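Examining the three-dimensional arrangement
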Amino acid sequence: MREPPSLTRSASLTGFAEVVRALGLDPYRLTTEAGLPAASLSDPDLRVSAAAVGRVLERAAREANAPDLGLRMAETRRLSNLGVVGLVARDQPTLRRALDVMVGYSWAQNEAVALSLAVHGDVAVLREGAPGARPGGQGTLLNLGVITGAIRQLVGRDWRPQEVWLTGPPPDDLSTHRRVFGVTPRFDQDFNGLVIAARDLDRPVVGADPVMAERALRYVAAEAGDRPRRVADAVRNLILALLPAGDCTVERVCRHLDMDRRTLHRRLAAEGEPTFTELLQAARIELARRYLAAGRYSMTEIAERLGYGSLSAFSRWRRGQLSRLSVPSPLVGEGGLAEPGRMRGFSARKTSGDG
């Protein structure tokens, strides 16, 4: 049975009309040709196709030659544009709790957006991206720009991420990126996300009202009660978030999901999904294909990015997967290009499956 298309609030188009008009385009022509109702530019609470929103953002960026379109839109946003999720986040006591709300209930704003938050030593990584989705693009810039602005509203205008990682290539003009994020992003990276100082997670939210937060959270939780939450999707997101740090173990994933291994295995089986080990294997194959095709990583770097503690362990795995990788192994050798910017505090550690 085919799954229904993912929907998003039309609030995801807030600022679109103003930005594209300033760039000399007709917003109504663009939305109509993308299959979106004209009212989506004025009514923030319509449920519209997330794929159609993505298409209209990409087309507008191409026609206007504006690779920073998503960031320009993000500059028009406020926390209130996130709807009830923004209201709940605004009244959490700390940034950590606020981000937990934004990650856990991002579907209420956009069903196609997947967020994950993982702490690695003195840094936290807030990652954006759904498994299997096309990496990067205007939607990603918009989401990360909106999250950055929301965090500043929560804890203070002086806040900025330590780093911003983007999978796409750098544009010629980085002025909008620097203005929105407060730092120069790293491009051609493994994932899209914000690298945050772990200590910032304990910063208090300015003007938080715990009573209002509890009421709003009960409302959102009640809304979530009728929505099926697939453990397999959460596991896939966590695997992709934890693998580059070499810390992707079934125990670590279970801690993030607040369940034991037995419960995790039972939930995956009930959803008709593979085991954790099989999901981990599939993620490694997907990432290995990407790294090998890029042709700029050494085997040692690929081994680390896939969570192998040694090159020999990775080589044994690779020999058994050559037919599934679909990329000739000589494409990348030990003389491959160095990784453009390693994340501070990250090191390769052994990963484990569910056995």
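Reference entry: report on the structure contained in this document. Please read all numbers here as calculations on a predicted model, not as lab measurements. (Residues numbered from 1 in each chain as written. Predicted model: local features only at pLDDT ≥ 70, side-chain atom pairs only at ≥ 80, totals over all residues. Heavy atoms only, no water.)

1. Thoughts on the overall build of the protein chain
Defined as follows: A run of H or I in DSSP counts as a helix once it spans at least four residues, and a run of E counts as a strand once it spans at least two, with each numbered from the N terminus. The cut-offs for exposure are 20% and 50% of the maximum accessible area for each residue type, with area from a 1.4 Å probe on protein chains only; residues under the lower value are buried, those over the upper are exposed, and the others partly exposed. We call two residues in contact when some of their heavy atoms are within 4.5 Å. Residue-level accessible areas treat just the shown protein chains as cover; the underlying method is Shrake-Rupley with a 1.4 Å probe.
A count of helical and extended segments in the protein chain gives 15 helices and six strands. For the protein chain, the residues scored as buried account for 51% of the 355 residues in total. In the protein chain, of all internal contacts separated by at least 6 residues, the share reaching a separation of at least 24 is 72%. For the protein chain, the accessible area works out to roughly 16,700 Å², and carbon and sulfur atoms hold 51% of it.

2. Topic: the pairing of strand β4 (residues 123–128)
In the case of a regular strand, side chains alternate between the two sheet surfaces. The line we're drawing: Two strands pair under a simple rule: DSSP has to find at least two bridges between them.
Counting buried positions over the six residues of β4 gives six, a clear majority of the element. Along β4, one buried face is formed by Val123, Val125 and Arg127 and the opposite face, lined by Ala124, Leu126 and Glu128, is buried too. Examined bridge by bridge, strand β3 (residues 115–120) and β4 share six bridges and lie antiparallel to one another. Following the sheet pairing, histidine 120 is matched in β4 by valine 123. Counted along the chain from β3 to the antiparallel partner β4, the turn is two residues long, and its residue glycine 121 has a positive phi close to 65 degrees. Bridge analysis of β4 against strand β6 (residues 192–197) gives six bridges, and the strand direction is antiparallel.

3. Things to note about the packing of helix α3 (residues 50–64) against helix α7 (residues 138–155)
This is how the line gets drawn: In this description, a line fitted to the C-alpha atoms serves as the axis of each element, helices being fitted only across the stretch in contact, and the angle between N-to-C directions of two axes falls anywhere from 0 to 180 degrees. Orientation categories follow fixed angle ranges, with anything under 35 degrees roughly parallel, anything over 145 roughly antiparallel, 65 to 115 roughly perpendicular, and all other angles oblique. Three classes are used: nonpolar for Ala, Val, Leu, Ile, Met, Phe, Trp, Tyr, Cys and Pro, charged for Asp, Glu, Lys and Arg, and polar for all others, with Gly counted as polar.
Running from N to C, α3 and α7 cross one another at 105 degrees; their axes reach a closest spacing of 8 Å. When the axes of α3 and α7 are compared, the pair comes out roughly perpendicular. Side by side, α3 and α7 meet where Leu57, Glu58 and Ala61 of the first sit next to Gln138, Gly139 and Leu142 of the second. Taken together, the residues that form the contact of α3 with α7 break down as three nonpolar, two polar and one charged.

4. Considering the side chain of threonine 249
Along the chain, threonine 249 turns up in the loop between α10 (231–242) and α11 (250–257). On the basis of relative accessible area, threonine 249 is assigned to the buried category, the value being 14%.

5. Observations regarding the nonpolar core
Rules: Throughout this description, the term nonpolar core refers to a set of buried Ala, Val, Leu, Ile, Met, Phe, Trp, Tyr and Cys residues connected via side-chain atoms within 4.5 Å.
In this structure, Phe16, Leu57 and Leu99 are the most contacted members of the largest nonpolar core, which totals 59 residues. Listed in part, the 33 residues of the second largest apolar core include Val231, Val235, Ile285 and Tyr291.

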